[in-house]
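# Descriptive structure summary
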Amino acid sequence: MVLGLAAACGTTTAAGGGSGGGDAGPPRPGGTLRLGISSNPDCIDPQQWGTNAALNVGRQLVDSLTDQDQASGKIIPWLAENWEVNPDSTSFTFTLRTGATFADGTAVDAAAVKTSYDGIKALGPKAQLGNGYLAAYKSATVVDPKTVRLDFSAPSAQFLQASSTMSLGILAPAAYQKSPEQRCQGEGLIGSGPFVFESFKSNQQVVITKRKGYNWGSPQFKHQGEAYLDKVEFRIVPEPGVRTGSLASGQLDAITDVQPVDEPQFAGNGFTEPVRANPGIVFNLTANTTRGVLTDVKVRQAVSKGVNRQEVTDTVLTKNYKAATSVLGSATPLHLDLSKELAYDPDGAKKLLEEQGWLPGPDGIRVKDGQRLSAKIIFSLVFNQNQSVLELVQQQLRKIGFDLQIEQRTTPETQQLTLAGDYDFIWYNTTRADPDILRQLFSTKAGNRSKLSPGNPLDAALDKQAATVDEAARKPAAEEAQRLVVEQAYSIPVFELTQVWGLGPKTHGVGFEASSRMQLFDAWIAG
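Residues numbered from 1 in each chain as written. Predicted model: local features only at pLDDT ≥ 70, side-chain atom pairs only at ≥ 80, totals over all residues. Heavy atoms only, no water.

## Quick notes on the overall build of the protein
Here is the rule we go by: Helix and strand definitions follow DSSP, with helices as H or I runs of at least four residues and strands as E runs of at least two, each counted in order from the N terminus. Relative accessibility decides the category of a residue: with a 1.4 Å probe and only protein chains considered, values under 20% of the type maximum give buried, values over 50% give exposed, and everything between is partly exposed. Every residue pair with non-hydrogen atoms within 4.5 Å of one another is taken to be in contact.
Secondary structure assignment for the protein yields 14 helices and 28 strands. Seen through its principal axes, the protein has C-alpha atoms that stretch 70 × 55 × 40 Å. Scored against the burial criterion, the 527 residues of the protein give a buried share of 59%. Considering only contacts in the protein between residues 6 or more positions apart, those separated by 24 or more positions represent 71%.

## What to know about unusual backbone geometry
Even without being glycine, Asn 269 reaches a positive phi, approximately 55 degrees. You can call Asn 269 exposed: its relative accessible area is 69%. Look at Lys 451: it is not a glycine, yet its phi comes out positive at around 55 degrees. As for its position among the elements, Lys 451 is in the loop between helix H12 (437-442) and helix H13 (457-465).

## Concerning helix H14 (residues 471-487)
We apply this condition: Between the first and last residue of a helix there are one fewer steps than residues, each counted as 1.5 Å, and that sum is the expected span. Within 3.5 Å is the distance limit for a polar contact, defined as a pair of N or O atoms, with the added protein rule that one can donate a hydrogen and the other accept it, and that residues adjacent in sequence qualify only through two side-chain atoms.
Taking 1.5 Å per residue as the helical rise, H14 with its 17 residues ought to reach 24 Å, and the 24 Å between its terminal C-alpha atoms agrees with that figure. Buried within H14 we find Arg 474, Ala 477, Ala 478, Glu 479, Ala 481, Gln 482, Leu 484, Val 485 and Val 486. The secondary structure elements touched by the buried residues of H14 are H12, H13 and strand E22 (491-496). Taking the backbone nitrogen of Ala 472 as reference, a side-chain oxygen 3.2 Å away marks Asp 470 as the first, capping residue of H14.

## Some thoughts on the sheet that holds strand E16 (residues 359-360)
For clarity, the threshold we go by: DSSP calls a pair of strands paired once it identifies at least 2 bridges connecting them.
Read across the sheet, 3 strands follow the order E16-E17-E18 without closing on themselves; strand pairing throughout is antiparallel. Across the chains shown, the open sheet's two edge strands, defined by having one partner strand only, are E16 and strand E18 (371-372). Pairing between strand E17 (residues 366-368) and E18: 2 bridges, direction antiparallel. When the bridges of E18 are listed, Val 367 appears paired with Arg 372.

## Considering helix H7 (residues 297-305)
Looking at H7, one finds that the buried residues are Val 299, Arg 300, Ala 302, Val 303 and Ser 304. The inward-facing, buried residues of H7 contact strand E14 (280-287), helix H8 (309-315), helix H9 (346-355), helix H10 (386-398), strand E21 (425-431) and E22. For H7, the N-terminal capping position is held by Asp 296, with its side-chain oxygen 2.9 Å away from the main-chain nitrogen of Lys 298.

## Quick notes on the sheet that holds strand E2 (residues 32-37)
If you walk across this open sheet you meet the 6 strands as E9-E10-E11-E2-E12-E24, and the pairing is mixed. If you trace the sheet from one side to the other, it starts and ends with strand E9 (195-201) and strand E24 (502-503), each paired once. Inspection of the sheet shows strand E12 (residues 254-255) paired to E24 by 2 bridges, in the antiparallel sense. Within E24, the position partnered with Ile 255 by the bridge is Gly 502.

## Some thoughts on the pairing of strand E20 (residues 403-408)
Put simply, the test is: With its strands directed away from the observer, a crossover is right-handed exactly when the path from the first strand over the helix to the second travels clockwise.
In this sheet, E20 lies alongside strand E19 (residues 374-379) in parallel orientation, the contact comprising 6 bridges. Looking at the pairing, Phe 379 lines up with Gln 408 of E20. For the crossover from E19 across H10 to E20, the handedness is right-handed.

## Considerations on the pattern of salt bridges
Two side chains that carry opposite charge are able to pair once their charged atoms sit near each other. The condition that has to hold: Counted as salt bridges are all cases of a side-chain nitrogen of Lys or Arg within 4 Å of a carboxyl oxygen of Asp or Glu.
Counted according to the given criterion, the structure contains 25 salt bridges. Residue Lys 210 is joined to Asp 230 by a salt bridge in which the shortest nitrogen-to-oxygen separation is 3.5 Å. Here Asp 230 lies in the loop between strand E10 (205-210) and strand E11 (231-236) and Lys 210 lies in strand E10, a separation of 20 residues in the sequence. Using a relative accessible area of 36% as the deciding quantity, one classes Asp 230 as partly exposed. Residue Asp 424 is joined to Arg 291 by a salt bridge in which the shortest nitrogen-to-oxygen separation is 3.0 Å. Note that Asp 424 is positioned in the loop between helix H11 (411-420) and E21 and Arg 291 in the loop between E14 and H7, a separation of 133 residues in sequence. Residue classification places Arg 291 among the partly exposed positions, given a relative accessible area of 28%.

Written as structure tokens, this is what we have:
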């Protein structure tokens, strides 16, 4: 059995210690968790949508072929009890455990796995994360009821980790009798997970209930058998003040996305704050290198030098957040520390711009041949502090004579503009506990968010890290890819997203999985 990466994937801490207030004794079954989340999930099918709001719901409904150890990054069994990978990482054969069933009573067998993976592939770009994971997916073969072989047209070492994600979670064959739009709203969303879908009222709440008879949990879970909670109500509360007030008053049992200004009130006093950094792509300005002033690498490099990352975390965020040290978060396996390359250097930025003929204009913004040194960045409020962060970055860049124009869009609009390549800069992060997220977003054969030309050095490094599950061989290629992205300023990393949640005194066992999304199997309510 191949176990994949063995690098640290971050740590979990809780202000005040533990996962709930006081000594609550042993976990007790029953009860409803009232959980306040910061944005509407839009689509709760984990195979389609990629936001935290959506995936925190979807993770509870679906199981995956494998799981990823939170501490070591190793890939461990779940629905598959073991697997084999061929030498060039183009074929993965999984042997399934017996006894697992979907919520409609049908078996989780090889035919169901084939139907599910074929279904994800058929979604194309609608599978916001899975489309990249399965970019080279060719076919699935049912070897026998317990054995399925998944074949790829190109080396796909990353797939082993991808198989642990909720984005490649397995749905029942009956789910594909419904349209993708229906599944987005929960209709036909039939998984084998510890909870089942009950209802979804957009911009109000999502309700899931305990799956009776569930007994095939991941080894990562702290207990086996059924989940403790009878029901979870994901209540959609976009306003941070309302969310924190509802937790403080006991109207909610837990909340996601505790804002930096609110962190102190939930550090102690019976409350706890589980904290975990997100692996994957940090919040960053990704440049479209075919647009306007961003076609010049020295302009992009100057922008990177003009961003004071530490000031961002110190001013807008808190000590729970880290300034970016690479395009990948430090919790990502094979992360490379590029702090020196990302050091704040406004004088160096000005020098680069002056060398390129950009001279200060009457309002301080540089001009060249009548053109202002300006670019627009599009963003959405998937993280409540996004606007505040970008406004500070905007101020920092004005000091070097660069005009960053900020444009807020809805999450669906941002997704559409990203797919169309209609942007100068885009602001986003993408969570994944594997360095291959770089290939998904920057390879010319995949997302190509910087709009690079095929055959560039970055493509070569990304292809090389995708070719083997051997960490010793992947590491130098993954590091070279990070270095190229940062040095060429295809991406301008700013800060690492951290999950900061608030738990009320009676709430216990709310946990993180390896990609810092929510795991509620072990959660329970006291008293």
